[in-house]
Amino acid sequence: MNSYIKPGDNPLLTEERKKCQFSTDILAAFYHENAQKIKRRHEIYQYYLENKELHDPEPTEFMDRYHRLENAERKVSLLKKHVKKAGSPLGLHYTMMIPTILNNADDEQKAEWLPKAQNLEFIGTYAQTELGHGTNLRFLETTATYDPKTQEFILNSPTTSAAKWWPGNLGKSSNRIIVVARLISNGKDYGPHSFFVPIRDPITHKSLPGVTVGDIGPKFGIPTVDNGFLLLNNVRIPRRNMFMKNAKLNPDGTYISPKHAKLAYGTMVYVRAVMIRTMSHMLGLASTISIRYSAIRKQGEIEAGKGEVKVLEYQTQQYRLLPQVARAWAFEFAGRYTRKLYAQFLGGDVDVLPALHGVSSGLKAVVTHQTAQGIEQCRMACGGHGYSEASGLPQLFATAVAGCTYEGENMVMLLQSARQLVKIASDVRKNQKPTKQNPVTDYLYKTSAATKCKIDQTTDPDPSSVIEAFEHVARRLTFAAFDKLEQLKQRGISAENAWVQCGVDLRRAATAHTRTFIARQFSNGILEMRDLPVQAVLKDLLQLYLFYEVLECDGDLLYDGYVIGQQIEYSKNNVYEALRRLRPNAVSIVDSFDFNDRELNSVLGRRDGNVYENMLEWAKSSPLNKHDVMPFHHKYLGKMMEDARQQSKL
Ligand SMILES: CC/C=C\C/C=C\C/C=C\C/C=C/C(=O)SCCNC(=O)CCNC(=O)[C@H](O)C(C)(C)COP(=O)(O)OP(=O)(O)OC[C@H]1O[C@@H](n2cnc3c(N)ncnc32)[C@H](O)[C@@H]1OP(=O)(O)O
Ligand SMILES: Cc1cc2nc3c(=O)[nH]c(=O)nc-3n(C[C@H](O)[C@H](O)[C@H](O)COP(=O)(O)OP(=O)(O)OC[C@H]3O[C@@H](n4cnc5c(N)ncnc54)[C@H](O)[C@@H]3O)c2cc1C
């Protein structure tokens, strides 16, 4: 039933795979949405294996940034020949440039820019954040002043803090970019708008007059990406280079407002909506690496004299790793919802934007945070080898944790989600009904279905009792934060200051609300699976997810007596029971994520489980090992020891 078994694999992994009680093919197709996608994934991987020019000449962990970027550019240029969609130096081109053209360009602009972007005739990025401002877009300093005489915009960075700072692929790769700047026309400031701006010559790739651009230097991770800075000095672009699907500017400089004030933020909403799946994949990668490794790593005896056991036998190891698998699945279902909502928005339904913004901002924050935490758990669960770059986990963590910051700092995003909750609380207090159905927030209008939680000692529990418990917590925290806000305002504190004073409570309400949403999506999502053995595995994962989350918020559940201590004990037992049931299938479940060795990029997580011999091979690639004696040895340490020896002879 496990189709990942191959001759030559580590027998400890084969032993695990032979225990599989379900079809890995069916589970893999469900994770990647259909069997066709799995087939295509396998074809692409096979193609990669056969085309050596696409391989790295040495492990990239040993390359400096210069050679990493060169290697990435080499592969990307080759990939264009092989497949349409490529990697790192084009990351932002695909995730932000093309979506902005689709989302913000009018038909004529789209006809001009989209085919060229898709054909990679130019490479672009999204330059919004500045040295002095990222979160607070209204205070961006870059200006685009309209000159009706020439029908051009003049772009300027008036101060050092106005320098664009951070955009991925801006430093060295991009030549046509989106600049977010404050539109000024006829002396009036209309706030941030997007402009299509050439920054490098298309032939020589040299920066254009008035453009100062470069790489911002090494970061916490993602060394292959050339995040950049940019200063603009009186750079002129034609009027039609302002993105005009929503807001427009006539040749005489008169401004036409968009249908919704925040339509200009559409690209950010898009990335927040799609990055949920990327996070699920990253957590899936980390789980695959750590669970496969835990199945071949033996350490310690459980019963003296019976031999060392795989570390995966320890309940503590299972408790660290299996909830990460469950969360990867939960995030996948949550991401399907936000992508569907975004498709509705892109199809022209502008009214869906507030709901989409509400759910995607909270979700982006919770999912990136839990993904980064989960990867770090996986890394630590691999012991010393998890600390080596050979595990792939340090780089994976460094990449994932950036998601907590980019596309809206997480705390700020939770506060955006809380805005929606507070509005609903205000409606409820005024006995107002929802104007429009929203399956994500409608529960806030209802009172608790039961005054006491229904979790009991059954080991095959109904998910609805847990979801109701999460709803109860989210509702209580939302109304508590709202009431506190109102009390502060009644004491004469301004609405804005009251908001700041309730920030922590608002964040907690938004987190609880997002937990409720994810749990419901997971619970509904698995109903689509008809194959009974696969359904059983998904139910075990759901059970683990739900009761693990109960234990994460036990204080909030106990706070008002909604649950009693005994129900927390039942919840713990349900976690342990789920771990016990999942254990025999653990390797097969992560196999079903269907990540190949290129994607895993980890000696510990290889499909064949032959870890130790490959660790030795990997270490031998270290440039330090090109020399038995380092050329500078006798200059420093050698000399120091020689001097000490000479001294001791005196
Ligand atoms: C496939 C992709 C996968 C992985 C990614 C891989 C690679 C990419 C890697 C990195 C790319 C990174 C890119 C970037 O980081 S780009 C820069 C991102 N920057 C941000 O996200 C900035 C965050 N700041 C904001 O979004 C806004 O400034 C903020 C929302 C904080 C505040 O905006 P503003 O001051 O204008 O509004 P408010 O007064 O707070 O609210 C007024 C009103 O508007 C509503 N609102 C706000 N934003 C939106 C929106 N986007 N859509 C709809 N509505 C919005 C807000 O809720 C208020 O409503 P109401 O309460 O009804 O008044
Ligand atoms: C790897 C990476 C890639 C990036 N790629 C891009 C890109 O391609 N294009 C681009 O334009 N930008 C990019 N960025 C920039 C990114 O979008 C910003 O860093 C991000 O939006 C956060 O803004 P900031 O840096 O101004 O943080 P700040 O807003 O200064 O945050 C600092 C602290 O202040 C808090 N804070 C700020 N405002 C509030 C508030 N209103 N209420 C409560 N607390 C608040 C935050 O929670 C945080 O704790 C990237 C960043 C990184 C790290």
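Calculation criteria
- Residues numbered from 1 in each chain as written.
- Chains lettered and ligands numbered in written order.
- Predicted model: local features only at pLDDT ≥ 70, side-chain atom pairs only at ≥ 80, totals over all residues.
- Heavy atoms only, no water.
- Helix = DSSP H or I, 4+ residues; strand = E, 2+ residues; numbered from the N terminus.
- Rg over C-alpha atoms; globule rule 2.2 N^0.38 Å.
- Buried < 20%, exposed > 50% of the residue type's maximum accessible area, 1.4 Å probe, protein only.
- Contact = heavy atoms within 4.5 Å.
- Pairing = 2+ DSSP bridges.
- Near = heavy atom within 4 Å.
- Polar contact = N/O pair within 3.5 Å; in protein donor to acceptor, adjacent residues only side chain to side chain.
- Areas by Shrake-Rupley, 256 points an atom, 1.4 Å probe, with all protein chains shown as cover.
- Nonpolar A, V, L, I, M, F, W, Y, C, P; charged D, E, K, R; others polar.
- Salt bridge = Lys/Arg side-chain N within 4 Å of Asp/Glu carboxyl O.
- Phe/Tyr/Trp six-rings, centres within 6.5 Å; stacked < 30°, edge-to-face > 60°.

**Concerning the overall build of the chain**
Here's step 1: When helices and strands are tallied, the chain shows 22 helices and 13 strands.
Here's step 2: Relative to the compact-globule value of 26 Å for 650 residues, the chain shows a C-alpha radius of gyration of 27 Å, a close match.
Here's step 3: For the C-alpha atoms alone, the extent of the chain along its principal axes is close to 90 × 80 × 65 Å.
Here's step 4: A burial count over the chain gives 53% of its 650 residues as buried.
Here's step 5: Within the chain, contacts between residues at least 6 apart in sequence are counted, and of these 72% link residues at least 24 apart.

**Remarks on the sheet that holds strand E7 (residues 211–215)**
Here's step 1: In spatial order, the strands read E4-E8-E7; together these three strands make up an open sheet with antiparallel pairing. With one partner strand each, in any of the chains shown, strand E4 (164–165) and E7 form the two edges of the open sheet.
Here's step 2: As judged from the five bridges shared by E7 and strand E8 (residues 228–232), these two strands associate in the antiparallel manner. Looking at E8, one finds that Val-213 is bridged to Leu-230.

**Some points on the site of ligand 2**
Here's step 1: Around ligand 2, a shell composed of 19 residues is seen, among which Tyr-126, Gln-128, Thr-129, Thr-135 and Glu-409 lie nearest.
Here's step 2: One of the backbone nitrogen or oxygen atoms of Gln-128 is found 2.9 Å away from an oxygen atom of ligand 2.
Here's step 3: Within the side chain of Thr-135, a nitrogen or oxygen atom sits 2.5 Å from an oxygen atom of ligand 2.
Here's step 4: When isolated, ligand 2 has an accessible area of 970 Å², and the protein chains bury 62% of it.
Here's step 5: Sorting elements by how many residues they give to the shell around ligand 2 places helix H12 (residues 410–429) first, with three residues.
Here's step 6: In terms of residue class, the shell around ligand 2 is made up of nine nonpolar, eight polar and two charged.

**Some points on the pattern of salt bridges**
Here's step 1: Applying the stated criterion across every chain, the model contains 49 salt bridges.
Here's step 2: Of the charged contacts in the structure, one is a salt bridge between Glu-549 and Arg-327, with a shortest N-O distance of 2.8 Å. With Glu-549 in helix H16 (residues 532–552) and Arg-327 in helix H8 (residues 315–346), this pair connects stretches of sequence that are 222 residues apart. Like Arg-327, Glu-549 is buried.
Here's step 3: Taken together, the salt bridges that share partners define one network made up of Glu-15, Glu-16, Lys-19, Lys-310, Glu-313 and Arg-583.

**Focus: the site of ligand 1**
Here's step 1: Lining the immediate surroundings of ligand 1 are 27 residues, of which Thr-135, Arg-138, Lys-262, Tyr-265 and Lys-423 lie closest.
Here's step 2: Between Arg-138 and ligand 1, the recorded distance is 2.4 Å, taken from a side-chain N or O atom to an oxygen atom.
Here's step 3: Contact distances for ligand 1 include 2.8 Å between an oxygen atom and a side-chain N or O atom of Arg-272.
Here's step 4: Considered on its own, ligand 1 offers 1,300 Å² of accessible surface; in the complex 80% of this is hidden by protein.
Here's step 5: Of all the secondary-structure elements, those providing two or more residues to the shell around ligand 1 are helix H5 (91–104), helix H7 (266–296), helix H9 (353–381) and H12.
Here's step 6: Counting residues per element, the shell around ligand 1 draws most heavily on H7, which supplies six residues.
Here's step 7: Class assignment for the residues of the shell around ligand 1 results in twelve nonpolar, nine polar and six charged.

**Describing the packing of aromatic side chains**
Aromatic rings considered in pairs are described by the distance between their centres and by the relative angle of their planes.
Here's step 1: Under the definition given, this model contains 22 aromatic pairs.
Here's step 2: When the centroid spacing of 6.0 Å and the interplanar angle of 15° are considered together, the rings of Tyr-45 and Tyr-48 count as stacked. With a gap of three residues between them, Tyr-45 and Tyr-48 both fall in helix H3 (residues 35–50), about one helical turn apart. Of the two residues, Tyr-45 and Tyr-48, both sit in the buried class.
Here's step 3: Note on Trp-165 and Phe-229: the rings are 5.8 Å apart at their centroids and 25° apart in plane angle, and the pair reads as stacked. With Trp-165 in strand E4 and Phe-229 in strand E8, this pair connects stretches of sequence that are 64 residues apart.

Read these as spatial facts, not as claims about activity.
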